Amino acid sequence: MTDYDMEILAKTIFGEARGEPYEGQVAVACVILNRWKSKKWFAGKTIALTCLKPYQFSCWNKSDPNSQKIAKLTYAQYSKYFDVIKEAEAHDVTNGATH
């Protein structure tokens, strides 16, 4: 996983699940990783492109209020989701879910 993939994945977790408990955030990360691994129509060539694929994760839609929040995130704000990503890489708590 590249640094860019980590950044976009962390920002997606923020945008989609920041109000969820840790387990919910891990589940969102697992879904993203499973989508990417699936290589289906909703997957991108990279983890970042999977997150950024139009209309797949609403937090990246220009009309979604979360997109403005994501644009202003600092490294300190999104890097706290790196542990969530590591947990998702180690244990798929969704049993392969892509949605």
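Rules of the game
- Residues numbered from 1 in each chain as written.
- Predicted model: local features only at pLDDT ≥ 70, side-chain atom pairs only at ≥ 80, totals over all residues.
- Heavy atoms only, no water.
- Axes fitted to C-alpha atoms, helices over the stretch in contact; angles between N-to-C directions.
- Helix = DSSP H or I, 4+ residues; strand = E, 2+ residues; numbered from the N terminus.
- Parallel < 35°, antiparallel > 145°, perpendicular 65-115°, else oblique.
- Left-handed = near helix turned anticlockwise from the far one by under 90°.
- Contact = heavy atoms within 4.5 Å.
- Nonpolar A, V, L, I, M, F, W, Y, C, P; charged D, E, K, R; others polar.
- Salt bridge = Lys/Arg side-chain N within 4 Å of Asp/Glu carboxyl O.
- Buried < 20%, exposed > 50% of the residue type's maximum accessible area, 1.4 Å probe, protein only.

A.B. asks: Would you mind going over the packing of helix H1 (residues 3-17) against helix H2 (residues 22-38) with me for this structure?
C.D. replies: Between two packed helices, what matters for the description is the angle formed by their axes and the separation of those axes. Remark: H1 packs on H2, axes separated minimally by 10 Å, with the N-to-C direction vectors making an angle of 125 degrees. Between H1 and H2, the angle is such that the two are oblique. By crossing handedness, the relation of H1 to H2 is classed as right-handed. Residues Leu9, Thr12, Ile13, Glu16 and Ala17 of H1 touch H2, and the partners they reach there are Gln25, Val28, Ala29, Ile32 and Leu33. Grouping the constituent residues of the contact of H1 with H2 by class yields seven nonpolar, two polar and one charged.

A.B. asks: Teacher, can you tell me more about the pattern of salt bridges here?
C.D. replies: Note on pairing: side chains with opposite charge can pair once their charged atoms come close. One pass over the structure, following the stated rule, counts one salt bridge. Measuring nitrogen to oxygen at the nearest pair gives 2.7 Å for the salt bridge that ties Lys11 to Glu7. Highlighted residues: Lys11 and Glu7, both in helix H1, separated by four residues, approximately one helical turn.

A.B. asks: Is there a simple way to explain unusual backbone geometry in this structure?
C.D. replies: Excluding glycine, residues mostly have negative phi values, and the peptide bonds linking residues are mostly trans. Phi is positive for Lys39, which is not a glycine, with a value near 60 degrees. Looking at where Lys39 falls in the secondary structure, it is placed in the loop between H2 and helix H3 (47-52). Positive phi values are uncommon outside glycine, yet Asn95 reaches one of about 55 degrees. Turning to its location among the elements, Asn95 is positioned in the segment after helix H6 (82-90). A relative accessible area of 78% means that Asn95 is categorised as exposed.

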